Amino acid sequence: MNTGSDEAAESESVAATTEDGAKTEPELGSRAPEFIKARRALHLSWQVGVFVVGLAVVVAGVIMLPLPGPGWLVIFGGMAIWATEFVWAQLVLRWTKRKVTEAAQRALDPAVRRRNIILTSIGVVIIAVLVGIYVWKFGFEMPWKIKE
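Here's a quick rundown of the structure. Here the structure is a predicted model, which is why all the values come from computation and not from measurement.

**Notes on the overall build of the protein chain**
Right, on to step 1. Per the secondary structure count, the protein chain includes six helices and two strands.
Right, on to step 2. Starting at the N terminus and ending at the C terminus, the protein chain contains elements arranged as α-β-β-α-α-α-α-α.
Right, on to step 3. Expressed as a percentage of the 148 residues in the protein chain, the buried residues total 16%.
Right, on to step 4. For the protein chain, restricting intrachain contacts to residue pairs at least 6 apart in sequence, the fraction spanning at least 24 positions comes to 39%.
Right, on to step 5. For the protein chain, the computed accessible surface area is about 11500 Å², with 69% contributed by carbon and sulfur atoms.

Right under this line is the structure:
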């Protein structure tokens, strides 16, 4: 928490760096302005507001999953809104970022890329054979228009 000195405000920045240059994670907790944190009723209403706005964004993202739209992106946006105020959302967001980074690193591994290309090629060949068998057996007519 900021006690009024400028040094404390600098330590609460988004990503702090240690003396050896390594980046550390930002502190957990509310990022509400100090005048809001100082008054309990105002801070509680701030938290309710952040929760409601985050919930609306997450619900919109869930609705977009089966419909056209960037569903997952909107859901993570709602989580980011919640993470401005709630520690549990900050922890979930950190875990998600770590997992996405690990998956991206694994995807760049040459052995994994080679395996994925081989599996994709096999899948394309299987689909092409199935489509060829269908066209050979039924022609280009759709199944519901086949004459007996």
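Following the structure, the description resumes.
**Side note on the pattern of salt bridges**
Right, on to step 1. Here the structure, examined in full by the defined rule, presents one salt bridge.
Right, on to step 2. K99 is the partner of E102 in a salt bridge, and the nearest nitrogen-oxygen pair spans 3.7 Å. Taken together, the residues span about one helical turn, with E102 and K99 both in helix α5 (residues 87–107) at a distance of three residues.

**Observations concerning helix α6 (residues 110–138)**
Right, on to step 1. Spanning 29 residues, α6 covers 42 Å between terminal C-alpha atoms, matching the ideal 42 Å at 1.5 Å per step.
Right, on to step 2. Taken from the residues just after α6, G139 is the one with a positive phi, measuring 80°.

**Focus on the nonpolar core**
Right, on to step 1. Within the largest apolar cluster, eight residues are counted, these being V50, V58, M79, W82, A83, F86, A89 and L93.
Right, on to step 2. Breaking this core down by element, the ones donating at least two residues are α3 (40–64), α4 (71–83) and α5.
Right, on to step 3. Among the elements that line this core, the one with the most residues is α4, at three residues.
Right, on to step 4. Leaving out residues up to four positions away in the same chain, F86 has contacts with Q47, V50 and F51.

**What about α3?**
Along an α-helix, residues three or four apart share an orientation, since each turn contains 3.6 residues.
Right, on to step 1. With 25 residues, α3 should reach 36 Å at 1.5 Å per residue; the first-to-last C-alpha distance of 36 Å fits that figure.
Right, on to step 2. For α3, the secondary structure elements touched by its buried residues are α2 (34–37) and α4.

**Overview of the packing of aromatic side chains**
Right, on to step 1. For the structure shown, the criterion picks out five aromatic pairs.
Right, on to step 2. Their ring planes at 25° and their centres at 6.1 Å tell us that F86 and W88 sit as a pair that is stacked.
Right, on to step 3. W88 gets classed as partly exposed once you look at its relative accessible area, which sits at 42%.
Right, on to step 4. One aromatic cluster in this structure is built from F51, W82, F86 and W88.

Thresholds, definitions, all that
Residues numbered from 1 in each chain as written. Predicted model: local features only at pLDDT ≥ 70, side-chain atom pairs only at ≥ 80, totals over all residues. Heavy atoms only, no water. Helix = DSSP H or I, 4+ residues; strand = E, 2+ residues; numbered from the N terminus. Buried < 20%, exposed > 50% of the residue type's maximum accessible area, 1.4 Å probe, protein only. Contact = heavy atoms within 4.5 Å. Areas by Shrake-Rupley, 256 points an atom, 1.4 Å probe, with all protein chains shown as cover. Salt bridge = Lys/Arg side-chain N within 4 Å of Asp/Glu carboxyl O. Expected span 1.5 Å × (residues − 1). Core = buried A, V, L, I, M, F, W, Y, C linked by side-chain atoms within 4.5 Å. Phe/Tyr/Trp six-rings, centres within 6.5 Å; stacked < 30°, edge-to-face > 60°.

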